[in-house]
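Here is what each chain is made of, one letter per residue.
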Amino acid sequence: YQRRVRGLNQGSASSKKKIFKPMLHSLLLTLSLYAYVLVLYAITPGPIQPGYATSSGPKKEPLLYKLNGLRVLFLLLATFGSLCYFKLLKPTDFYDARWGNLIIANLLGLLFSFACVEFKPKSLQEFFLGRYWNPRYGLVDAKMFLYLLGASVLELHLLSFAAKIYVNEGTLDWGTLVYVFLFSFFVLEYLYHEHVHLYTYDFVAEKVGFKLGWGCLVFYPFFYVIGLWSVVESPSERPKSPTLPFLSVFLFFAGYILSRGANNQKYKFKTSPSATFLGIKPLTIGNVILCSGWWGVSRHVNYLGEILMSIALAIVCGSWICLLYTSDAADDLLC
């Protein structure tokens, strides 16, 4: 009986160590990563540009934003590569610690969301949507940081998940290669067009709360990569032929042309209302709503493009997992 009790106690202690050590690793890894991106965003120089959102003062002056997203991403990737080269990290670390990292990121997302309403939400709606429009400290803008963090961590996950497949199989299949290429293009292209996104719905009409905070700290970096996450350990589910991955490339860039073309046309209209875009003269309703060019095709043509891109990313690895969300209903209320 005593031997049995000792065996149970030893097993319990061993189980606690198996849980505690990985969670401690995830805590240090996630906190270090998020803090490092914040420091890079704060200290890395970049061009300063006014956005569409205005200050809360009586003058309503356009807010100024520092656009250094691509530089921060390249510095982060260089740091990650250096740490892997000197064997301080493994390329697969973010995959191996994915569940612990997800738990820590969720806790940080909840903590951030409560902090956005000063830990005293007046309603569930305020907690979800936020209380303040553009919280910032100098040129360190909360929205810019959140989107930059989400994009940067997503890219690390893409590389780490692909590295895990390479370690397991000694090669990378077409689906994985195309998936990582397309999503990396999405991240790089998004950060290259930071100035355009200053005129999109997120920066103009959204407050900072759970939706934006948890979305960028958790949903964006962890769930956007779900197509690859679901097939890392299941090579039989990934397409062996390059046919499906290459078809997804055409679908992805068809969606990209619609989405990027629409957003760039809207940016041109917001900054130069009378200027043409790719030879297209702006036609409007009440000098507010565009109805020519891409915006003459459909009311939310940019979301149609995003849907096509999402479907392409879902099918490229053979996972058929597609998470779709657009803010067209909120856009309609704003208009």
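Structural data are supplied above this passage.
This one's a predicted model, so the numbers in the text were calculated from it and none came from an experiment.

1. Regarding unusual backbone geometry
Right, on to step 1. You will see that Lys87, though not glycine, has its phi angle at about 60°, which is positive.
Right, on to step 2. Taking relative accessible area as the criterion, Lys87 reaches 74% and is therefore assigned exposed.
Right, on to step 3. Notably, Asn287 is not glycine yet its phi reads approximately 60°, a positive angle.
Right, on to step 4. With respect to the helices, strands and loops of the structure, Asn287 is situated in the loop between strand 5 (284-285) and strand 6 (289-290).

2. A short note on a nonpolar patch on the surface
Right, on to step 1. On the surface, Phe20, Leu24, Leu27, Leu28 and Leu31 cluster together into a nonpolar patch covering about 450 Å² of accessible area.
Right, on to step 2. The topology assignment puts Leu27 in helix 1 (residues 2-43).
Right, on to step 3. Taking the relative accessible area as the measure of exposure, Leu27 reaches 33% and is therefore partly exposed.

3. Looking at the nonpolar core
Right, on to step 1. Judged by nonpolar contacts, the single largest core of 73 residues is most densely connected at Leu33, Tyr34, Val37, Tyr65, Tyr179, Val225 and Leu228.
Right, on to step 2. At 14 residues, the largest contribution of residues to this core is made by helix 6 (residues 142-169).
Right, on to step 3. Apart from the residues within four sequence positions on either side, Val225 is in contact with Leu154, His157, Leu158, Phe161 and Tyr179.
Right, on to step 4. Within the second largest apolar cluster, 7 residues are counted, among which are Ala262, Leu290, Trp294 and Trp295.

4. Considering the environment of Ser113
Right, on to step 1. One can find Ser113 in helix 4 (residues 98-116).
Right, on to step 2. In this structure the C-alpha to C-alpha distance between Ser113 and Gly130, which are 17 residues apart in sequence, comes to 7.7 Å.
Right, on to step 3. Apart from the residues within four sequence positions on either side, Ser113 is in contact with Phe127, Gly209, Phe210 and Trp214.
Right, on to step 4. From its side chain, Ser113 meets the backbone oxygen of Gly109 in a polar contact 2.7 Å long.

Criteria and thresholds
Residues numbered from 1 in each chain as written. Predicted model: local features only at pLDDT ≥ 70, side-chain atom pairs only at ≥ 80, totals over all residues. Heavy atoms only, no water. Buried < 20%, exposed > 50% of the residue type's maximum accessible area, 1.4 Å probe, protein only. Helix = DSSP H or I, 4+ residues; strand = E, 2+ residues; numbered from the N terminus. Patch = residues over 30% accessible without salt bridge, like charges linked within 9 Å, V, L, I, M, F, W, Y side chains within 5 Å. Areas by Shrake-Rupley, 256 points an atom, 1.4 Å probe, with all protein chains shown as cover. Salt bridge = Lys/Arg side-chain N within 4 Å of Asp/Glu carboxyl O. Core = buried A, V, L, I, M, F, W, Y, C linked by side-chain atoms within 4.5 Å. Contact = heavy atoms within 4.5 Å. Polar contact = N/O pair within 3.5 Å; in protein donor to acceptor, adjacent residues only side chain to side chain.

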